[in-house]
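# Fold and geometry: a report
Each chain is listed here by its residues.
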Amino acid sequence: QVRRHLQVIITRFAEGDILLFIRDVTDRVRTEQMRRDFVGNVSHELRTPLTVIMGYLGTMLAGVDQMPAPYQRAMRQMEGQAVRMENLLKDLLWLSRIETTEGQQKHDLVDMTGLLEELREEVANAHPERTLRLQIDCREKIRGDYRELYSAVSNLVYNALKYSPEDGAVTISASCEDGRYCLAVEDEGIGIDAHHIPRLTERFYRVDDSRSSSTGGTGLGLAIVKHVAAAHGAQLNIDSTLGRGSTFKLLFPMAAENTGDMQAC
Ligand code: ADP
């Protein structure tokens, strides 16, 4: 027996009439599922040979200083490309996991303040030279998946660091806005031209390809943010001025358990 997927759209008119629109989207859902499975399987299969290559490369790199200069350069190039491929596979697998579980309820009560403090510590260790400010005006919790939320916020923060000068500060702020938990990541970086903004969250979409690959991005960071936002019923807003900086905002529904403390924000 074939399980069918139906899309139902209900429009209610002012006069009281209701228009019910039902469409069979089974083929579309199935094709999408096949694409997801394919990407997930390929990424998984490529990991094993890559792990072997990286293992041998690591052993050879131990003696790289004794090699002639052209070999040293080649070895470093191979190492860089292998790490790039590893990051790409990691992001592809992560994206496919998020997509697979997107329709499921996210049950954990997540303490976003703790998550942001953990991320700040990670960034301080990785980039002690950079300024990352944390401004917490809302300590509410949200329902979700800690690892997914962490990956979304960290993608936004690492982008903010990547696309801004060394002395540019990055600010993460948490506030309560109209009953929603608002998390904003703001930078003083290169900014984004308005016409790119609608396409930014597409996989592999890049404003400046050469710059993005030299900064080590996979082109999947914002696609991950978009899917985590969708899985958590959140809205993603992007506001940017070329040459001035960007603000990426995530607006999450508040967990029902918080209602008592809402006035505190
Ligand atoms: P990447 O791995 O290339 O950074 P992302 O999906 O994270 O991929 O981002 C897509 C593109 O959006 C980037 O290549 C970059 O051009 C642009 N972008 C993302 N964040 C910022 C930012 N904070 N400032 C300027 N440009 C950004």
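One structure accompanies this document, and this report is about it. Per chain, residues are indexed from 1 in the order of the written sequence. Where local features are concerned, this predicted model is filtered to residues with pLDDT of at least 70; where side-chain atom pairs are given and counted, the filter is 80 or more; whole-chain, interface and lining totals use all residues. Where side-chain values are given, they derive from all heavy atoms of the structure, hydrogens and water being excluded.

### Notes on the environment of Gln-77
Definition in use: The numbering of helices and of strands both runs from the N terminus, where a helix is a DSSP run of H or I of at least 4 residues and a strand a run of E of at least 2. Whether a residue is buried, partly exposed or exposed follows from its accessible area with a 1.4 Å probe, protein chains only, as a fraction of its type maximum: under 20%, in between, or over 50%, in that order.
Note that Gln-77 resides in helix H2 (residues 69–100). Gln-77 gets classed as exposed once you look at its relative accessible area, which sits at 53%. The spatial distance from the C-alpha of Gln-77 to the C-alpha of Trp-94 is 26 Å, given a sequence separation of 17 residues.

### What about helix H3 (residues 112–126)?
Every α-helical turn comprises 3.6 residues, leaving residues that sit three or four positions apart pointing alike. Note the threshold: Expected helix span is taken as 1.5 Å per residue step, with the number of steps being one fewer than the number of residues. What the arc describes is the spread of directions from the helix axis to the C-beta atoms. Any pair of residues with heavy atoms lying within 4.5 Å of one another is described as a contacting pair. Nitrogen and oxygen atoms within 3.5 Å of one another constitute a polar contact, given that in protein one can donate a hydrogen and the other can accept it, and given that sequence-neighbouring residues count only through two side-chain atoms.
Its 15 residues give H3 an end-to-end C-alpha distance of 21 Å, which sits within 8% of 21 Å, the value for a rise of 1.5 Å per residue. Those residues of H3 lying buried are Met-112, Thr-113, Leu-115, Leu-116, Leu-119 and Val-123. When H3 is viewed along its axis, its buried side chains cluster within an angular range of 155° and face the same direction. Among the exposed residues of H3, those pointing more than 90 degrees away from its buried face are Glu-121 and Asn-125. Here the buried face of H3 lies against strand E3 (108–111), strand E4 (132–136), strand E5 (141–144), helix H4 (146–162), strand E6 (170–177) and strand E7 (180–187). The backbone nitrogen of Thr-113 has a side-chain oxygen 3.2 Å away, supplied by the residue at the start of H3, namely Asp-111.

### Description of H4
Taking 1.5 Å per residue as the helical rise, H4 with its 17 residues ought to reach 24 Å, and the 24 Å between its terminal C-alpha atoms agrees with that figure. In terms of residue burial, H4 counts as a mostly covered element, since 13 of its 17 residues are buried. Capping of H4 at its N-terminal end is provided by Asp-145; its side-chain oxygen lies 3.0 Å from the backbone amide nitrogen of Arg-147.

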